[in-house]
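Residues per chain, in single letters:
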Amino acid sequence: MAELEQEVAQKFPPAADFAAQANWNDPTIYETAAADPDAFWAGQAEQLVWSRKWDTVSEWNPPHAKWFLGGQLNVSVNCLDRHVEGGRADKAAIVFEGEPGDTKTYTYAELHQEVCKFANVLQSQGVQRGDRVTIYLPMIPEAAIAMLACARIGAPHSVVFGGFSADSLRERIHDSGSKLLITADGGWRRGGVVKLKEAADQALAGETTIEHVIVVNRTGKPEETPWTAGRDLWWHELASDASDQNEAVALDSEDLLFILYTSGSTGKPKGIAHTTGGYLTGATTTCKYIFDLKDDDVYWCTADVGWITGHSYVVYGPLSNGATVFMYEGAPDWPARDRFWELIEKHKITILYTAPTAIRAFMKWGTEWPEKHDLSSLRLLGSVGEPINPEAWLWYHKNVGGERCPIVDTWWQTETGAIMITPLPGISATKPASASRPFPGVSALVVDEKGDPLPEGGEGVGLLVITKPWPSMLRTLWGDDARYKEVYWSKFADKGYYFAGDGAKRDAEGDYWLLGRVDDVMNVAGHRVSTMEVESALVDHPSVAEAAVIGKAHDIKGQAISAFVTLKEGIEPSPELMAELKAHVAKKIGAICRPDDLFLTAELPKTRSGKIMRRLLRDIAEGRALGDTTTLADPSVVSSLKDKYTDES
Ligand code: 6R9
């Protein structure tokens, strides 16, 4: 244990050879960008191809920002045409592997052709500039092709994660007013087929704005696919007849590029609206410098395109940089728990960007799985989606990164469009579980409830705010500007700060430690306790695989701590162990953090994007009826949780 504490306190500066070759290795970049953020971002936007240069870099009418006003460009030209013309025509753009093991590579020239064909298909189906298109696909290259084709003709896309239900899809189609739906007969997941077309049909039953459905034949059984003649069309039939030439539309910098729905504190999802020039500038710049992208990299971001991470770091960011993107369709434990490591060895992946929840699953499965494979091609690792606990960081560093790869723990949101707080791998001395500092050109602060910042140079905990507009920020919520103002800008309206909804600690060296959503910060008998802190303490115990902690209402203390814990393989639950775990937390952080109750469970309830559903845990801990569980990845987890091994003494 003492050894772990020492490791956690350790700093990991970039190795000299890594720093020497890094895209950025001069720390003065922070000051240069801070001195004139507009000039910094304009310099980055110069990397893109514009068909008309902007007149004004930025305009800020709080809380509405515009970037690169008067400029015109096309995102698909930046992701494809410029690379085909610039010498990368035969370079692999997408290397795909399906769950059953089928593989397919698209060079930049081939991807360009497929995107042009599909852009022509969309136009022939009557999709015009400004029309919305919903995309409901598995993780297959057609998802990227469809997104890029929409971008090419100026039709904003709304990608809905393939794991979402028919009801969720219906709600998102309705809210966006989409004219066309792109889906597949199905996708492979753990050896079975997720029947997307069936869900799509249910979503379209009754009244709908959708006129046509274009269906990818992924599972190869067209005769088994339910079909509505006249409405439904096969992708491959339409594409085989289409020309592979399509002139891209020059879009205004502030034209809508996409809507992406994300959940908020109320039941209705928020349609986050991103525009063209600023978004692409943000995605391109962050991808290039944070992942240190080079021409010979094979880059793998394991996120699904249904999430913002898939938008910015599977499709737009890497392709805009002319990188080779690896894409995998299926589950990490199919057919065995070494699938990711096998893929890394086979495709010689050099950059891996994944989520703490995956890393903790790998920890639970044990080191024998990565040890079976040669992971020496890896040179950089990333983490995103939730706070990473130091134990998971160190495990990732050692067992995946071979202690040689820098780790970039990247904080950002659907709303921010691109990474905001992160190490720079050639510059930052990383600390396990710290996301380091704001990316150059990003202005953040940790403030108190009134919006006053922590004292300069001092250490402290508070709320994370962004103090100046940035190019890839959301522009509004689709169809609900009032909610946009309320959710993000009302809390610190007098200061004009963007309220991220996350708590953060800033240490004396100026590094940021993200503490989770502010609703995850507990107040136990007047003490501020981060759920994350208690979770880390639990995961620090040798028997624990994963832990989630919530504050439950308590008469005397205000909130009491409830902990949900999954044990490592082969560890037997027992009352002794439960007492030991509580004592372990008390010992690690202090008696105040000792959980009042502890639930041992085989799985934690998670959303399909892998976030632990704390609201649900709170309901269980407080003995309430269960709320809406529709976004749960595996609803059976909840019933097993309720009657699991519990101890409320
Ligand atoms: C990119 C993405 C956003 C929320 C965000 C925060 C959490 C994301 C994090 C992190 C700590 C990190 N989050 N990255 N927390 N450290 N590196 O995940 O977007 O799905 O919109 O979620 O995720 O709480 O507010 P999104």
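Cut-off values and rules
Residues numbered from 1 in each chain as written. Predicted model: local features only at pLDDT ≥ 70, side-chain atom pairs only at ≥ 80, totals over all residues. Heavy atoms only, no water. Helix = DSSP H or I, 4+ residues; strand = E, 2+ residues; numbered from the N terminus. Expected span 1.5 Å × (residues − 1). Buried < 20%, exposed > 50% of the residue type's maximum accessible area, 1.4 Å probe, protein only. Core = buried A, V, L, I, M, F, W, Y, C linked by side-chain atoms within 4.5 Å. Contact = heavy atoms within 4.5 Å. Near = heavy atom within 4 Å. Polar contact = N/O pair within 3.5 Å; in protein donor to acceptor, adjacent residues only side chain to side chain. Areas by Shrake-Rupley, 256 points an atom, 1.4 Å probe, with all protein chains shown as cover. Pairing = 2+ DSSP bridges. Axes fitted to C-alpha atoms, helices over the stretch in contact; angles between N-to-C directions. Phe/Tyr/Trp six-rings, centres within 6.5 Å; stacked < 30°, edge-to-face > 60°. UniProt positions renumbered as here; feature names shortened; annotations may be inferred. Salt bridge = Lys/Arg side-chain N within 4 Å of Asp/Glu carboxyl O. Parallel < 35°, antiparallel > 145°, perpendicular 65-115°, else oblique. Left-handed = near helix turned anticlockwise from the far one by under 90°. Nonpolar A, V, L, I, M, F, W, Y, C, P; charged D, E, K, R; others polar.

Q: An account of helix H7 (residues 141-153) is needed here, citing residue identities and associated values.
A: Between its first and last C-alpha atoms H7 spans 19 Å; for 13 residues at 1.5 Å apiece the expected length is 18 Å, and the two agree. Of all 13 residues making up H7, 13 are buried, and the element is well covered by its neighbours. Phi turns positive, to about 80°, at Gly-154, one or two residues after H7.

Q: Quick rundown of the nonpolar core? Include the residues and the values.
A: In this structure, Leu-111, Phe-118, Ile-182, Phe-291, Tyr-313 and Tyr-316 are the most contacted members of the largest nonpolar core, which totals 135 residues. Setting aside residues up to four positions removed in sequence, Tyr-316 forms contacts with Val-75, Cys-79, Met-147, Leu-148, Ala-151, His-157, Leu-257, Phe-258, Tyr-279, Leu-280 and His-311. Core analysis: the second largest hydrophobic core is formed by 31 residues, Ala-92, Ala-392, Tyr-396 and Ile-407 among them.

Q: With reference to specific residues and values, describe the site of the ligand.
A: Around the ligand, the surrounding shell holds 16 residues, and the nearest of these are Asp-409, Thr-410, Thr-414, Asp-502 and Arg-517. Between the ligand and the protein, one listed contact pairs a nitrogen atom with a backbone N or O atom of Gly-385 at 3.0 Å. Relative to its unbound accessible area of 530 Å², the ligand is 91% covered by the protein chains. Listed by contribution, the elements that provide at least two residues to the shell around the ligand are helix H12 (308-320), strand S20 (407-410) and strand S27 (512-517).

Q: If you had to explain the side chain of Thr-262 to someone new, which residues and values would you point to?
A: Among the structural elements, Thr-262 can be located in strand S14 (residues 256-262). The buried category is assigned to Thr-262, whose relative accessible area is 17%.

Q: Tell me about the sheet that holds strand S19 (residues 380-384), and name the residues and values.
A: Strands sit in the order S5-S4-S17-S16-S18-S19-S20 across an open sheet of seven strands; the sheet is mixed. A single partner strand is all that each edge strand has here, and the edge strands are strand S5 (103-107) and S20. For this sheet, the mean inter-axis angle between neighbouring strands, taken without regard to orientation, is 20°.

Q: With reference to specific residues and values, describe the packing of aromatic side chains.
A: Taken as a whole and assessed by the stated rule, the structure comprises 38 aromatic pairs. Centroid distance Trp-54 to Phe-68: 5.0 Å. Interplanar angle 55°. Geometry classified as tilted. Separated by 14 residues along the polypeptide, Trp-54 in the loop between helix H4 (37-45) and strand S1 (56-61) and Phe-68 in strand S2 (residues 64-69) bring together distant segments of the chain. Phe-68 matches Trp-54 in its accessibility class, with the two residues each being buried. Ring geometry for Trp-341 against Phe-362: centres 4.8 Å apart, planes inclined by 65°, an arrangement best described as edge-to-face. Note that Trp-341 is positioned in helix H13 (residues 339-347) and Phe-362 in helix H14 (residues 356-365), a separation of 21 residues in sequence.

Q: An account of the UniProt feature "modified residue: N6-acetyllysine" (unreviewed entry) in the protein is needed here, citing residue identities and associated values.
A: According to UniProt, the positions carrying the feature "modified residue: N6-acetyllysine" (unreviewed entry) are Lys-611. One can find Lys-611 in the loop between strand S32 (597-600) and helix H20 (614-621). In this view, Lys-611 contacts Gly-385, Pro-605 and Lys-606; residues no more than four positions away in its chain are not counted.

Q: How would you summarise the sheet that holds strand S26 (residues 498-506) if you had to cite specific residues and measurements?
A: Two strands in a sheet stick together by hydrogen bonds in their backbones, pointing the same way (parallel) or opposite ways (antiparallel). A sheet is described by the order of its strands in space; here four strands give the open sequence S23-S24-S26-S27, paired in antiparallel fashion. Across the chains shown, the open sheet's two edge strands, defined by having one partner strand only, are strand S23 (444-447) and S27. With direction set aside, neighbouring strand axes in the sheet form an average angle of 40°.

Q: Let's hear about the pattern of salt bridges: which residues, and what values?
A: Throughout the structure, instances matching the rule amount to 39 salt bridges. Note that Lys-588 and Asp-540 form a salt bridge whose closest N and O atoms lie 3.5 Å from each other. Residue Lys-588 is located in helix H19 (residues 575-589), and its partner Asp-540 is located in the loop between helix H18 (531-539) and strand S30 (544-554); the two are separated by 48 residues in the primary sequence. Among the ionic contacts, a cluster of salt bridges with common partners joins Lys-11, Lys-431, Arg-437, Asp-507, Glu-509 and Asp-511.

Q: Can you explain helix H9 (residues 196-204)? Please cite residues and give values.
A: Most of H9 sits inside the fold, with seven of its nine residues counted as buried. As for H9, its buried residues are in contact with strand S6 (133-136), helix H8 (166-176), strand S8 (180-184), strand S10 (192-194), strand S11 (212-216) and strand S12 (232-234). Where H9 terminates, the next one or two residues include Gly-206, which has phi positive at roughly 80°.

Q: Could you give me a rundown of the packing of H8 against H9, with the residues and numbers involved?
A: Packed helix pairs are specified by the crossing angle of their axes together with the interaxial distance, meaning the distance between the axes. One way to put it is that H8 packs onto H9 with a least axis distance of 8 Å and a crossing angle of 50°. Taken together, the axis directions place H8 and H9 in an arrangement best described as oblique. Considering how the two elements wind past one another, H8 and H9 form a crossing that is right-handed. Counting all contacts with H8, which are made through Ala-166, Leu-169, Arg-170 and Ile-173, the residues of H9 involved are Ala-199, Ala-200, Gln-202, Ala-203 and Leu-204. The class makeup of the residues in the contact of H8 with H9 is seven nonpolar, one polar and one charged.

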